[in-house]
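Residue-level structural notes
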Amino acid sequence: MTADLKKTHFELFELPAAFDLDQAQLAARYRELQRAVHPDRYASASDQERRLSVQLTAQVNEAYQTLRAPLRRARYLLALHGVVIDDQDTAMDPLFLMEQMELREALAEVRGAADPFAALDGVRGRLEGMERAFVASLSVDLGRATAEALGAAKQTVRKMQFIQRLLEECGDLEERLVHS
Amino acid sequence: MAYSDKVIDHYENPRNVGTFEKEEENVGTGMVGAPACGDVMRLQIKVSDDGIIEDAKFKTYGCGSAIASSSLVTEWVKGKTLDQALEIKNSEIAEELALPPVKIHCSVLAEDAIRAAINDYQAKKGGKGGA
């Protein structure tokens, strides 16, 4: 058990610090690391080692959850590059916001639609298409990693947060439609 | 977390929900969004020839506090000059609605929306050589 809580998530998983990563490799490393640091293995070890095992387990889980999801991974990579996203900043591309309004309106109309499930799938399909396009541009911009590209990646991450929230709302709405 | 009575009142009976024609030259449109919570707010002002905000409309997708904040500011800006409207601070909105600290960003969104609407109006007028 190597005690290094200062490692970046990428270092911990022995992966290059890049947006594009091999999900299968990530999952395999996760299982290995989990096994290596699991508190059960340190049941008879010293207090200090047991505490460390618990800390490392938490670190491994946090790292995995961060690296696994594209949005969190992009945010994390930007932070490693020193690009911080200010959540209080409300200025956004007006065209993007108009599209958000429109998508919200479409989602609000799902319930009253002749076929609510089809209407919901329509909205969700648009959101998923946008998400795919954002992931593709993050791959390019974070790969390039120039100041300009990082700035663009930051805007993409901010937009993806809206899409993620809307996709969550689609999921909630589907639950309610199923149970109503 | 409990909403204050004023938030509930604005949430249940929102004032001035709607739209003005964006292209009209005496209309300013402000669109803002909060990435952290995914809230989107559109606030529009209609300005008279002598520079008074005579009417305001909003549409907000978000939590009760965001809706209440935008509803409240549409009431507040009416009858004000643009300069007076720019003086509205998010802290005043938060205080009026008794917003808890975690909802302060909703009042920030509303303040930013007024600024964006006024900027849009002034940019339109500026383009025509006016004030």
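All of these numbers come straight from a predicted model, not from anything done at the bench.

Overview of the overall build of chain B
- Within chain B, the secondary structure is distributed over five helices and three strands.
- Counting from the amino terminus, chain B carries its helices and strands in the arrangement α-β-β-β-α-α-α-α.
- Relative to a compact globule of 131 residues, whose C-alpha radius of gyration would be 14 Å, chain B shows 14 Å and is just as compact.
- In terms of overall dimensions, chain B has a C-alpha envelope of 50 × 25 × 20 Å along the principal axes.

A short note on the domain arrangement of chain A
- For chain A, the assigned domains read domain 1 (9-68) and domain 2 (94-178).
- Put simply, the middle of domain 1 of chain A and the middle of domain 2 of chain A, counted by C-alpha atoms, are 31 Å apart.

Thoughts on the pairing of strand β2 (residues 39-47) of chain B
All names here are of chain B.
- Burial runs high along β2: eight of the nine residues are buried.
- As paired elements, strand β1 (residues 27-34) and β2 share eight bridges and run antiparallel to each other. For G33, the partnering residue across the bridge sits in β2 and is V40.
- Following β1, the chain reverses through four residues before pairing antiparallel with β2; G38 in that reversal takes a positive phi of roughly 75 degrees.
- Bridge count between β2 and strand β3 (residues 53-61): eight bridges; the pairing is antiparallel. Following the sheet pairing, R42 is matched in β3 by K59.
- The turn linking β2 back onto β3 is made up of five residues, and G51 within it adopts a positive phi angle of 80 degrees.

A closer look at the packing of aromatic side chains
All names here are of chain A.
- This structure, assessed with the given rule, holds five aromatic pairs over all chains.
- A ring pair is formed by F96 and F162, whose centres lie 5.7 Å apart and whose planes are at 80 degrees; its orientation type is edge-to-face. Taken together, the residues F96 in helix α5 (residues 94-108) and F162 in helix α7 (residues 147-178) connect sequence positions 66 residues apart. There is no split in this pair, since F96 and F162 are both buried.
- An aromatic cluster is present here, built from F13, Y30 and Y64 joined pairwise through their rings.
- The side chain of R73 reaches across the aromatic face of F19, ending 4.7 Å from its centre.

Some remarks on the interface of chain A and chain B
- Contacts between the two partners involve 16 residues from chain A and, on the opposite side, 19 residues from chain B.
- Of the roughly 1600 Å² buried between chain A and chain B on both sides combined, carbon and sulfur atoms contribute 66%.
- Of all residues in chain A, T90(A), M101(A) and R104(A) give up the largest surface area on contact with chain B, accounting jointly for 39% of the area buried on that side.
- Summed over the shared surface of chain A and chain B, the result is zero salt bridges.
- Here chain A is connected to chain B by four residue pairs in polar contact (both at pLDDT 80 or more).
- Mapped by element, the contributors of at least two residues to the side of chain A that touches chain B are α5 and α7 of chain A.
- Partitioning the side of chain A that touches chain B into residue classes produces six nonpolar, four polar and six charged.

Some details on the nonpolar core
- Counting 52 residues, the largest nonpolar core has F13(A), L78(A), F96(A), L107(A), L127(A), L138(A) and L142(A) as the members making the most contacts within it.
- Those elements that provide at least two residues to this core are α1 (9-12), α2 (23-37), α3 (47-68), α4 (70-80), α5, α6 (116-144) and α7 of chain A.
- Looking at this core element by element, the count peaks at 11 residues for α7(A).
- Looking at this core, you find at least three residues from each of domain 1 (9-68) and domain 2 (94-178) of chain A.
- With residues near it in sequence (within four places) discarded, L78(A) still touches V83(A), I85(A), L142(A), L150(A), A153(A), K154(A) and V157(A).
- Core analysis: the next-biggest nonpolar cluster, separate from the first, contains 31 residues, A56(B), V73(B), C106(B) and A113(B) among them.

Some details on the environment of Y76(A)
Residues and elements named next belong to chain A.
- With respect to the element layout, Y76 can be found in helix α4.
- Between the C-alpha atoms of Y76 and E128, which are 52 residues apart in sequence, the distance is 22 Å.
- If sequence neighbours within four positions are ignored, Y76 has contacts with T8, H9, F10, T66 and L67.

Overview of the sheet that holds β2(B)
Residue and element names in this part refer to chain B.
- With antiparallel pairing, the three strands of this open sheet are ordered in space as β1-β2-β3. Strand pairing shows two members of the sheet lacking a second neighbour, β1 and β3, which therefore form its edges. Going across the sheet, the axis of each strand differs from the next one's by a mean of 15 degrees, ignoring polarity.
- Contacts between helix α2 (residues 64-77) and the sheet are confined to β2 and β3, with β3 contributing the most and set at about 175 degrees to the helix.

Notes on the pattern of salt bridges
All names here are of chain B.
- This model, assessed by the stated rule, comprises 18 salt bridges over all chains.
- Two residues, K78 and D55, come together in a salt bridge whose shortest N-O distance is 3.5 Å. Residue K78 is located in the loop between α2 and α3 (82-86), and its partner D55 is located in strand β3; the two are separated by 23 residues in the primary sequence.
- Under the relative-accessibility criterion, K78 is labelled partly exposed at 33%.
- A salt bridge links R115 to E111, with the nearest nitrogen and oxygen atoms 3.2 Å apart. Of this pair, R115 and E111 both sit in helix α5 (residues 104-127), four residues apart, which is roughly one turn of that helix.

About the thresholds
- Residues numbered from 1 in each chain as written.
- Chains lettered and ligands numbered in written order.
- Predicted model: local features only at pLDDT ≥ 70, side-chain atom pairs only at ≥ 80, totals over all residues.
- Heavy atoms only, no water.
- Helix = DSSP H or I, 4+ residues; strand = E, 2+ residues; numbered from the N terminus.
- Rg over C-alpha atoms; globule rule 2.2 N^0.38 Å.
- Domains from an automatic or database assignment.
- Buried < 20%, exposed > 50% of the residue type's maximum accessible area, 1.4 Å probe, protein only.
- Pairing = 2+ DSSP bridges.
- Phe/Tyr/Trp six-rings, centres within 6.5 Å; stacked < 30°, edge-to-face > 60°.
- Lys NZ or Arg CZ within 6 Å of the ring centre and 35° of its normal.
- Contact = heavy atoms within 4.5 Å.
- Buried area = accessible area lost by both parts, 1.4 Å probe.
- Salt bridge = Lys/Arg side-chain N within 4 Å of Asp/Glu carboxyl O.
- Polar contact = N/O pair within 3.5 Å; in protein donor to acceptor, adjacent residues only side chain to side chain.
- Nonpolar A, V, L, I, M, F, W, Y, C, P; charged D, E, K, R; others polar.
- Core = buried A, V, L, I, M, F, W, Y, C linked by side-chain atoms within 4.5 Å.
- Axes fitted to C-alpha atoms, helices over the stretch in contact; angles between N-to-C directions.

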